[in-house]
Amino acid sequence: QVQLVESGGGLVQAGESLRLSCAASGRIWGANAMGWYRQTPGKQRVLVATILSGGSTNYADSVKGRFTISGDVAKNTVYLQMNSLKPEDTAVYYCNVQKGLNPYWGQGTQVTVSS
């Protein structure tokens, strides 16, 4: 089956930057959107940023102005540039591909921001 693989996570200090990458092991034909979500222990997975097939982007208020999403939905590649990282950004970040009503998820990559 098709797999989404995230990379680029790690441990950084507050104020530093990371760039996350996601790519599919195979092609998910007809994908209409991709995005990044994050989750911390005991909490729901929440949206960080999305990019639609037409190129429009959306961001959670908590990351607006600091994070930038980019990529090619048709090619199932997406990136998340994270600048000015804060300790509250610490989470497991998950890549998502949306095809109609069907979501695909990666395994996640850990981002830890120390104070």
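The following refers to the structure shown. What you see is a predicted model, and the numbers here were worked out from it, not measured in a lab. (Residues numbered from 1 in each chain as written. Predicted model: local features only at pLDDT ≥ 70, side-chain atom pairs only at ≥ 80, totals over all residues. Heavy atoms only, no water.)

1. Considerations on the packing of aromatic side chains
Scanning all chains against the criterion turns up one aromatic pair. Ring geometry for Tyr37 and Trp105: centres 5.0 Å apart, planes at 75 degrees, overall edge-to-face. In this pair, Tyr37 sits in strand 4 (residues 33-39) while Trp105 sits in strand 10 (residues 102-105), placing the two residues 68 residues apart along the sequence. Residue classification places Trp105 among the partly exposed residues on the basis of a relative accessible area of 35%. One residue, Arg45, lies across the ring of Tyr94, its end atom 3.6 Å from the ring centre. Stacked on the ring of Trp105, the Lys or Arg Arg45 has its end atom at 4.7 Å from the ring centre. (Phe/Tyr/Trp six-rings, centres within 6.5 Å; stacked < 30°, edge-to-face > 60°. Helix = DSSP H or I, 4+ residues; strand = E, 2+ residues; numbered from the N terminus. Buried < 20%, exposed > 50% of the residue type's maximum accessible area, 1.4 Å probe, protein only. Lys NZ or Arg CZ within 6 Å of the ring centre and 35° of its normal.)

2. Some remarks on the state of the cysteines
Using the criterion set out here, one finds one disulfide in the structure. Linked covalently through their sulfurs, Cys22 and Cys95 form a disulfide whose S-S length is 2.0 Å. With the S-S bond torsion at -85 degrees, the cross-link from Cys22 to Cys95 turns out left-handed. Of the two residues, Cys22 is situated in strand 3 (residues 18-24) and Cys95 in strand 9 (residues 91-99); the sequence distance between them amounts to 73 residues. For the residue pair Cys22 and Cys95, the accessibility class agrees, reading buried in each case. (Disulfide = S-S within 2.5 Å.)

In short, shape yes, function no, at least from these values alone.
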